[in-house]
Amino acid sequence: MTLGPLMVDLIGVTISEKEREILQHPLVGGVILFSRNYESPEQIAALTSEIHAIRQPHLIIAVDHEGGRVQRFREGFSRLPPVGTLGQHYMQHPQQSLKQAEVTGWLMAAELRAVGVDFSFAPVLDLDYGVSEVIGDRAFHRDPQAVTKLAAAYISGMKQAYMAAVGKHFPGHGAVEIDSHLGLPVDKRHLEDMWQADMLPFRQLCSQTLAGIMPAHIVYEKCDSLPAGFSPFWIQEILRKRMGFQGAVISDDLSMAGAAIMGDSTARAEAALAAGCDLLLLCNNPSEVESVLDNLKCEVDPLRHMRLVRLHGRHPIDRETLMASEQWKQAVYTVANYAPDTDRQLDLA
C-alpha cells in the first residue's frame, strides 16, 4: 500500500474507531500530533506504536517541536529554547553557537525518535525582519548566511538522531506582518530581492540536506497571484526546476485562513496537489477530513510515495537507554546553559 497525500490529526490521546478507519484510507499518508494528543512520554510512545501498526509501510508521524513557543510535548521532554537564542549568540561566538545548534537539533530529534515520532517540522528557515506576528524568534537570525549556517548545524544534529529535516516556510515568511493562520499575507517584494535574501537558506540546503520543504500561505504578488503552497510557479518552476529540489513538498495546514482563497477543503487539496505538493496537512476540522476523503480524486504516484518514505525515521531509539547516555546528559546541560527561561514561554497553537 502506498502512502497517500493527506496528513491528518487526531482528537485526543487515543485513536477512536472512526479515526482508525480514516487512517486506513488509501489517501492518508501521515498523522500530525498536537499538544492535545500528549499526556506523557509513555502514552505518546504507545500512541505512535499503535499508529505505525495500522499499515505497511507505516504512516508518517510528525509534530511541530521547534522549541520556545512551538513545542507540543513538554512535561517529560527537555524544554527547548527558541532557535532565535542561537542567533543572538552567533554574532559574538559563532563557532560555539554552531556547536550548540548541532546539539540542540540532536536533542530535539533524539527525544522525539525515542517515542516513535518520525520527524518534526523543523527547522524554520525564515529571516527575522522583526515584523512578523508569527515568526519572530522562531527564526535563527535576520542574516541569511547566519540562518544557513545555524540551520545546517541544527540539521546535522537531527541527522545524527536519524530524523529527516523539513525546512519552512518557502520562499520566506519573515517579511510580512499578518499571521497566515489568521489571514492571507501579501509580500510585495520582487523575486530577485528574495532570491538573494529569504531564499538563500532554502537554496543552499535544499539539494543535500532537506528531505522536505513547506511552502508558505503567502501571496508574493510581484511573482504570482496564488499563495506559494498552491502555486505551480513557486513549486514547479522555482523550487523544482530552478533550485533542483528533489524532496517532498508539504503544504501548510489547509484549514488556515491563508488558504481560504482557494475555496473549500477539497478545492484547496486539489489545488495544492496540482501545484506540486506531495503531502497536504488538514488539521483541526474532522468533518472536512471526511469530506476530502470522500471527494478528492488522486491517482497513485510512485514518485510521491518515494519522497514520503524518505521522511520515515530510521534506527529506533530506546528512550531509557537514551536518557541514561552521556550524550543525552551532556546535550541537556549544553541547552540549559545557553537557554532562556523557557517555562515562561507560551505555546503557539
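Summary of the structure given here.

## Structural notes on helix H4 (residues 94–113)
Right, so step 1: Across its 20 residues, H4 extends 28 Å between first and last C-alpha, which sits within 8% of the 28 Å expected from 1.5 Å per residue.
Right, so step 2: Taking burial as the measure, the 20 residues of H4 include 16 buried ones, the bulk of the element.

## With respect to the pattern of salt bridges
Right, so step 1: Overall, the coordinates contain 18 salt bridges when judged by the stated rule.
Right, so step 2: For Arg189, the salt bridge is made with Asp198, and the minimal N-O distance between the two is 2.7 Å. You'll find Arg189 and Asp198 in the same group, each marked buried.
Right, so step 3: Lys329 is paired through a salt bridge with Glu326; the nearest N and O atoms lie 3.9 Å apart. Placement of both Lys329 and Glu326 in helix H13 (residues 326–338) is noted, with a separation of three residues, approximately one turn of the helix.

## A few points about the packing of H4 against H13
Right, so step 1: At a closest axis distance of 9 Å, the pairing of H4 and H13 adopts a crossing angle of 125°. The angle between H4 and H13 places the two elements in the oblique class. The hand of the H4/H13 crossing is left-handed. Counted together, Gln100, Val103, Thr104, Trp106, Leu107 and Glu111 of H4 and Gln327, Trp328, Ala331, Val332, Thr334, Val335 and Tyr338 of H13 form the full contact between these two elements.

## A look at the packing of aromatic side chains
Right, so step 1: Evaluated as defined, the whole model comprises nine aromatic pairs.
Right, so step 2: With a centroid separation of 4.7 Å and an interplanar angle of 20°, the aromatic rings of Tyr38 and Phe73 are classed as stacked. One end of the pair, Tyr38, is in the loop between strand E2 (28–33) and helix H2 (41–54); the other, Phe73, is in the loop between strand E5 (70–71) and helix H3 (84–90), and 35 residues separate them in sequence. The exposure classification of Tyr38 matches that of Phe73, with both residues buried.
Right, so step 3: Ring centres of Phe73 and Phe77 lie 5.6 Å apart, and the angle between their planes is 55°; this geometry places the pair in the tilted category. Taken individually, Phe73 and Phe77 each receive the classification buried, so the pair is uniform in this respect.
Right, so step 4: Put simply, the rings of Phe170, Phe202, Tyr220, Phe233 and Trp234 touch in pairs and so form one group of aromatic residues.
Right, so step 5: The ring of Trp195 has Arg242 lying over it, and the distance from NZ or CZ to the ring centre is 3.8 Å.

Thresholds, definitions, all that
Note on numbering: residues in each chain are counted from 1, in written sequence order. Local features are withheld for residues below a pLDDT of 70 in this predicted model, meaning they are given only at 70 or higher, and side-chain atom pairs are given and counted only at 80 or more; totals for whole chains, interfaces and linings count all residues. As a convention, hydrogens and water are excluded, and side-chain values are obtained from all of the structure's heavy atoms. Here a strand is any run of E in DSSP of at least two residues, a helix any run of H or I of at least four, and the numbering for each starts at the N terminus. Helix span, expected: 1.5 Å multiplied by one less than the number of residues in the helix. Exposure categories follow from relative accessible area, calculated using a 1.4 Å probe and restricted to protein chains: below 20% of the type maximum is buried, above 50% is exposed, and the middle band is partly exposed. Salt bridges are defined as contacts in which a side-chain nitrogen from Lys or Arg sits within 4 Å of a carboxyl oxygen from Asp or Glu. Note on geometry: axes are lines fitted to C-alpha atoms, helical ones only across the stretch in contact, with angles between N-to-C directions running from 0 to 180 degrees. What sets the label is the angle itself: under 35 degrees gives roughly parallel, over 145 gives roughly antiparallel, 65 to 115 gives roughly perpendicular, and the rest give oblique. Left-handed is the label given to a crossing in which the near helix is rotated counterclockwise from the far helix by less than a right angle, and right-handed is the label when the rotation is clockwise. Should any heavy atoms of two residues lie within 4.5 Å, those residues are considered in contact. Put simply, two rings from Phe, Tyr or Trp (the six-membered ring, in Trp's case) pair if the centres are within 6.5 Å, and we call them stacked under 30 degrees between planes, edge-to-face over 60, tilted for the rest. Charge-over-ring placement is defined geometrically: NZ (Lys) or CZ (Arg) within 6 Å of the ring centre, and within 35 degrees of the ring normal.

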